Amino acid sequence: MSELRRDPISDSWVIIAPDRAARPLDFPIAPPRPSAQATCPFCPGREHETPPEIASIRDAKGWRVRVVPNKFPALVREGAPGNHIEGLLESGAALGAHEVIIEGPEHVLSLTGLPAERIPEILATWRSRLLDLKRDARLAFGLVFKNVGERAGASLEHVHSQLIAAPVVPVRVQAELERCARHHEETGRCLLCDLIAQERKGGARVVAETSRFIVLAPWASKAPFETHILPKDHASHFEATDDAGIGELAETLRKTLVRIERALDGPAYNVLVCSGPLNVPASDSYHWRLEIIPRVAGVAGFEWATGFFINTVAPEAAAARLRQSRV
């Protein structure tokens, strides 16, 4: 039976509707595109096809991670803050940063195709870029994200992630911050810390645990097999994670992606690093998390119109399947 569930973080509602998974589908998922390795601008030997490097990790054999400005940026560093208002219409300069983290010289689609020992370098690069952008007082918010596969919005196959930093905090993020702040004011505790404690007690949506991290299928998952990784100890900003935490998170992320890829036969997916705003100090109320969203279901008219997602796989069923997936 279908069920309405409220997301305790965003305060929005989700429809869990397993019966809809059996509806007829006239439009098959398109087969994956053939490999574009021969023309890939992220492969070694084509460094001249990207903008000049911002940062890199190298050894005697060459580069292992490169950070470059996005060739087609959504936001740019040049410009001054300030908005123009004309009646009810408001605009501002598209000020910010848009970077690409090329996560390895290998032409593979997923982090799971790279040597496990190299993944901590990638997460450390995410951390260092966020720390660098925090120094720009014009920037308020930064998001590291991965689009893996065409259905997830990736335009290139080669393993990579992106970082966008903006001068404003998005409305959805601001709503989460306010929701977490209200919970802290009412209870003296962090909302996500309380949520982790409750999920550990029940266990139905817990996929895995390490000494420092927990992997959950969230109660009000917006999409089938949505999975979150959270630090068990309170922390508001991903970029404050120490080297030991980066190493443990890298292995947790790798194993979680392996579970998802094996359970769902290599789906497209998005990864989001949901962290506190760049321009605020550590917070007792906000708790960062990493979200993984497999793109196995589309978003249709109802979702676009209402922001009210319909998920055809109950999180408890997703967690059970992921627990059984070999890593």
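As a reminder, the structure under discussion sits directly above these lines.
The model shown is predicted, which means the values in this text are computed figures rather than measured ones. (Residues numbered from 1 in each chain as written. Predicted model: local features only at pLDDT ≥ 70, side-chain atom pairs only at ≥ 80, totals over all residues. Heavy atoms only, no water.)

A. Spotlight on the packing of helix H1 (residues 119–133) against helix H4 (residues 243–264). As a packed pair, H1 and H4 sit with axes 8 Å apart at the nearest point and diverge in direction by 120°. Looking at the two axes, H1 sits oblique to H4. Regarding H1 and H4, the two cross each other, and that crossing is right-handed. Contacts between H1 and H4 involve Ile119, Pro120, Leu123, Ala124, Trp126 and Arg127 on the former and, on the latter, Asp243, Ile246, Gly247, Leu249, Ala250, Leu253 and Arg254. Here the contact of H1 with H4 is built from residues that sort into nine nonpolar, one polar and three charged. (Axes fitted to C-alpha atoms, helices over the stretch in contact; angles between N-to-C directions. Helix = DSSP H or I, 4+ residues; strand = E, 2+ residues; numbered from the N terminus. Parallel < 35°, antiparallel > 145°, perpendicular 65-115°, else oblique. Left-handed = near helix turned anticlockwise from the far one by under 90°. Contact = heavy atoms within 4.5 Å. Nonpolar A, V, L, I, M, F, W, Y, C, P; charged D, E, K, R; others polar.)

B. Examining the packing of aromatic side chains more closely. A complete count under the given rule lists three aromatic pairs for this structure. Measuring from ring centre to ring centre gives 6.4 Å for Trp126 and Phe238, while their planes differ by 55°; the resulting arrangement is tilted. Taken together, the residues Trp126 in helix H1 and Phe238 in the loop between strand S12 (227–231) and H4 connect sequence positions 112 residues apart. Assessed through its relative accessible area of 0%, Phe238 is described here as buried. Positioned over the ring face of Trp219 is Arg5, at 3.9 Å from the centre of the ring. (Phe/Tyr/Trp six-rings, centres within 6.5 Å; stacked < 30°, edge-to-face > 60°. Buried < 20%, exposed > 50% of the residue type's maximum accessible area, 1.4 Å probe, protein only. Lys NZ or Arg CZ within 6 Å of the ring centre and 35° of its normal.)

C. Main features of the sheet that holds strand S2 (residues 13–16). What the three strands build is an open sheet, ordered S1-S2-S15; its pairing is mixed. Single-partner strands in this sheet number two, and they are strand S1 (3–6) and strand S15 (309–311). Averaged over all pairs of adjacent strands, the angle between their axes in this sheet comes to 30°, without regard to strand direction. Sheet topology places S2 next to S15; three bridges connect them, and they run parallel. Each residue of the ladder has a partner; that of Ile15, found in S15, is Ile310. (Pairing = 2+ DSSP bridges.)

D. Main features of the environment of Ala94. Summarising the element assignment, Ala94 is placed in the loop between strand S6 (89–92) and strand S7 (97–102). In the structure, Ala94 is positioned 72 residues away from Ala166 in sequence and 8.3 Å away in space, judged by C-alpha atoms. Each residue touching Ala94, except ones within four places of it in the same chain, is listed here: Ala74, Leu75 and Val76.

E. Summary view of the pattern of salt bridges. By the definition in use, this model includes 28 salt bridges. The partner of Arg77 in a salt bridge is Asp136, and the shortest N-O contact between them spans 3.2 Å. Separated by 59 residues along the polypeptide, Arg77 in the loop between strand S4 (62–69) and strand S5 (83–86) and Asp136 in the loop between H1 and strand S8 (141–148) bring together distant segments of the chain. With a relative accessible area of 34%, Arg77 lands in the partly exposed category. One salt bridge in this structure joins Glu209 and Lys232, with 3.0 Å as the shortest N-O distance. Here Glu209 is found in strand S10 (residues 206–209), whereas its partner Lys232 is found in the loop between S12 and H4, with 23 residues between them in sequence. Among the residues examined, Glu209 registers a relative accessible area of 37% and is labelled partly exposed. Among the ionic contacts, a cluster of salt bridges with common partners joins Glu3, Arg5, Glu199, Arg205 and Glu316. (Salt bridge = Lys/Arg side-chain N within 4 Å of Asp/Glu carboxyl O.)

F. A look at H4. Its 22 residues place the ends of H4 31 Å apart at the C-alpha level, agreeing with the 32 Å of an ideal helix rising 1.5 Å per residue. Remark: Asp265 follows H4 within two positions and exhibits a positive phi of approximately 60°. (Expected span 1.5 Å × (residues − 1).)

G. How the structure looks around the sheet that holds S12. If you walk across this open sheet you meet the ten strands as S3-S4-S7-S9-S8-S13-S14-S12-S11-S10, and the pairing is antiparallel. Edge strands, defined here as strands with exactly one partner in the open sheet, are strand S3 (55–59) and S10. Strand-to-strand, the axes of this sheet are offset by a mean angle of 15°, without reference to chain direction. As paired strands, S7 and strand S9 (residues 160–166) are joined by six bridges and run antiparallel to one another. Residue pairing across strands places His98 opposite Ile164, the latter belonging to S9.

H. H1, seen in detail. Taking 1.5 Å of rise per residue, the 15 residues of H1 would be expected to cover 21 Å, and the 22 Å separating its terminal C-alpha atoms lies within 8% of that figure. Within H1, burial applies to Ile119, Glu121, Ile122, Leu123, Thr125, Trp126, Arg127, Arg129, Leu130 and Leu133.

I. Quick look at the pairing of S2. Pairing of S1 with S2 involves four bridges; the strand directions are antiparallel. When the bridges of S2 are listed, Arg5 appears paired with Val14.

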